[in-house]
Amino acid sequence: MGGIDDSFVRHAAFGWLADQVAIHGDVLPRHLIERGLTLRGVRVPLVGPQGIFKPKVMTSPISITTAPSGPYDDLLGDDGLLRYRYRGTDPAHYQNRSLRYVMEQRLPLVYFHGVAKGRYMATWPVYVIADDPARLTVTVDVEAAESAHLFGSAWSELAAAEADPVLRRYAAAQVRVRMHQRSFRERVLEAYRRKCAFCSLRHEELLDAAHIIPDADLLGEPVVANGLSLCTLHHSAFDRQVIGLRPDYVIEVRPDVLAEKDGPTLTHAIQALHHQPIVLPHSLAQRPSPERLQVRYSQFLEAS
């Protein structure tokens, strides 16, 4: 790398990640972070086959990764601290030693949390703050990155003064909420083959995972059967009872909206959906729950 040190690579990698998140959102495809960035003609990947990853051009790790199937509720505590497993069972393994090194040197890392197959939520900078060889884990401060995002420059002053535990718990809760939301979105979009269930639009940046029953409700679990992949227009129309969905998976448009005379958007994007079937997941288990749809459809009828 022509004398470029690790700190320069980290700085460049963090800047590159910020650019990718601005384009793709904070859930990134694995092939993108696996390819990584290029510095002075040299490719710098950000993940590899193992969870603790050091690019060849660096002397210490740049990232840690949790696989999509990993039970993150068991890893991420309410305190915003991640208990990250060693590689294997040997505390002296070179990758485990490398985590102790970044802890001692207070070096920032990227944490990639797998929310679905081939899809990772990126959080940075995170720091290894403790080592527990007896439990084969290190403790990683993930909450610090979320706190900086939430509270901006004021967070450095809060952290320096041992910030209010209430604020720290709030930031930690936001990390967990964000992980749940991204996981739900990815699972729903994957089930619907990354297109809108109402209009088949395939532009992923314009797709949402809509809840049939809101997540605050008892029936509102973050499961695919309580979700619909909808473009932003149809998500908004569904949430505002402009469009309803019957339990037999047929769309209805509210009568007063159906009778309106307006431009081509209303005609083709809303009214044309009336009595049309939706796109369904191939898996029967992932299709919208008829019971949930009945509850939601009753609300639509009341609004009509």
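Quick look at the structure, then. (Residues numbered from 1 in each chain as written. Predicted model: local features only at pLDDT ≥ 70, side-chain atom pairs only at ≥ 80, totals over all residues. Heavy atoms only, no water.)

Examining unusual backbone geometry
Heads up, the condition is: Think of it this way: any DSSP run of H or I at least four residues long counts as a helix, any run of E at least two long counts as a strand, and we number them from the N terminus.
Of note, the amide linkage connecting Trp-124 to Pro-125 takes the cis form, showing an omega dihedral of -10°. Take Pro-125: it is sitting in strand β8 (residues 119-132). Despite not being glycine, Arg-106 has its phi angle at roughly 55°, a positive value. With respect to the element layout, Arg-106 can be found in the loop between α4 (94-105) and β7 (109-116).

Looking at the packing of aromatic side chains
Rules: Only rings of Phe, Tyr and Trp enter the pairing, Trp through its six-membered ring, and a pair is recorded when the two centres are within 6.5 Å. The plane angle decides the type: under 30 degrees is stacked, over 60 is edge-to-face, the rest tilted. Each residue is assigned to one of three classes by its accessible area relative to the maximum for its type, calculated with a 1.4 Å probe on protein chains only: buried under 20%, partly exposed between the two thresholds, exposed over 50%.
Tallied over the full model, the rule gives two aromatic pairs. Relative to Phe-238, the ring of Phe-198 lies with its centre 6.2 Å away and its plane at 80°, an arrangement referred to as edge-to-face. Placement of Phe-198 in the loop between α7 (165-191) and β10 (207-211) and of Phe-238 in helix α8 (residues 232-239) is noted, with a sequence separation of 40 residues between them. Using a relative accessible area of 6% as the deciding quantity, one classes Phe-198 as buried. Taking relative accessible area as the criterion, Phe-238 reaches 1% and is therefore assigned buried.

Some details on the pattern of salt bridges
To be explicit about the condition: Salt bridge, as applied in this entry: a Lys or Arg side-chain nitrogen positioned within 4 Å of an Asp or Glu carboxyl oxygen.
The full count for this structure, using the stated rule, is 15 salt bridges. When the shortest N-O distance is used, the salt bridge between Arg-292 and Glu-221 registers 2.6 Å. Taken as a pair, Arg-292 in helix α11 (residues 290-303) and Glu-221 in the loop between β10 and β11 (227-231) lie far apart in primary sequence, 71 residues in all. Take Glu-221: its relative accessible area is 34%, and that puts it in the partly exposed class. Close ionic contact of Arg-296 with Asp-239 constitutes a salt bridge, the shortest N to O distance being 3.5 Å.

Considering the environment of Val-250
Here is the rule: Residue contacts are defined here by distance: any two heavy atoms, one from each residue, within 4.5 Å place the two residues in contact.
Among the structural elements, Val-250 can be located in the loop between β12 (243-245) and β13 (251-253). Each C-alpha atom, one on Val-250 and one on Ile-278, is 6.3 Å from the other, the two residues being 28 residues apart in sequence. Setting aside anything within four residues of it in sequence, one finds Val-250 in contact with Gly-244, Leu-245, His-275, Gln-276 and Pro-277.

Focus: the pairing of strand β9 (residues 137-141)
Test applied: Strand pairing is assigned whenever DSSP detects at least two bridges linking the two strands.
Of all five residues that make up β9, five are buried, and the element is covered over most of its length. Both faces of β9 are covered, namely the face carrying Thr-137, Thr-139 and Asp-141 and the face carrying Val-138 and Val-140. Bridge analysis of β8 against β9 gives five bridges, and the strand direction is antiparallel. Residue pairing in the sheet places Asp-132 in a bridge with Thr-137 of β9. The turn linking β8 back onto β9 is made up of four residues, and Leu-136 within it adopts a positive phi angle of 60°.

A word on the nonpolar core
What counts is decided by this rule: In plain words, nonpolar cores are sets of buried Ala, Val, Leu, Ile, Met, Phe, Trp, Tyr and Cys residues tied together by side-chain atoms within 4.5 Å.
By size, the foremost hydrophobic cluster in this structure holds 31 residues, and its most contacted members are Phe-198, Leu-228, Leu-230, Ile-243, Leu-245, Ile-270 and Ile-278. Contributing elements (two or more residues each) for this core: α7, β10, β11, α8, β12, β13 and α10 (264-270). Ranked by residues supplied to this core, first place goes to α7 with four residues. Once you skip the residues sitting within four places of it in the chain, Ile-278 turns out to touch Ala-197, Phe-198, Leu-228, Leu-245, Tyr-249, Ile-251 and Pro-288.

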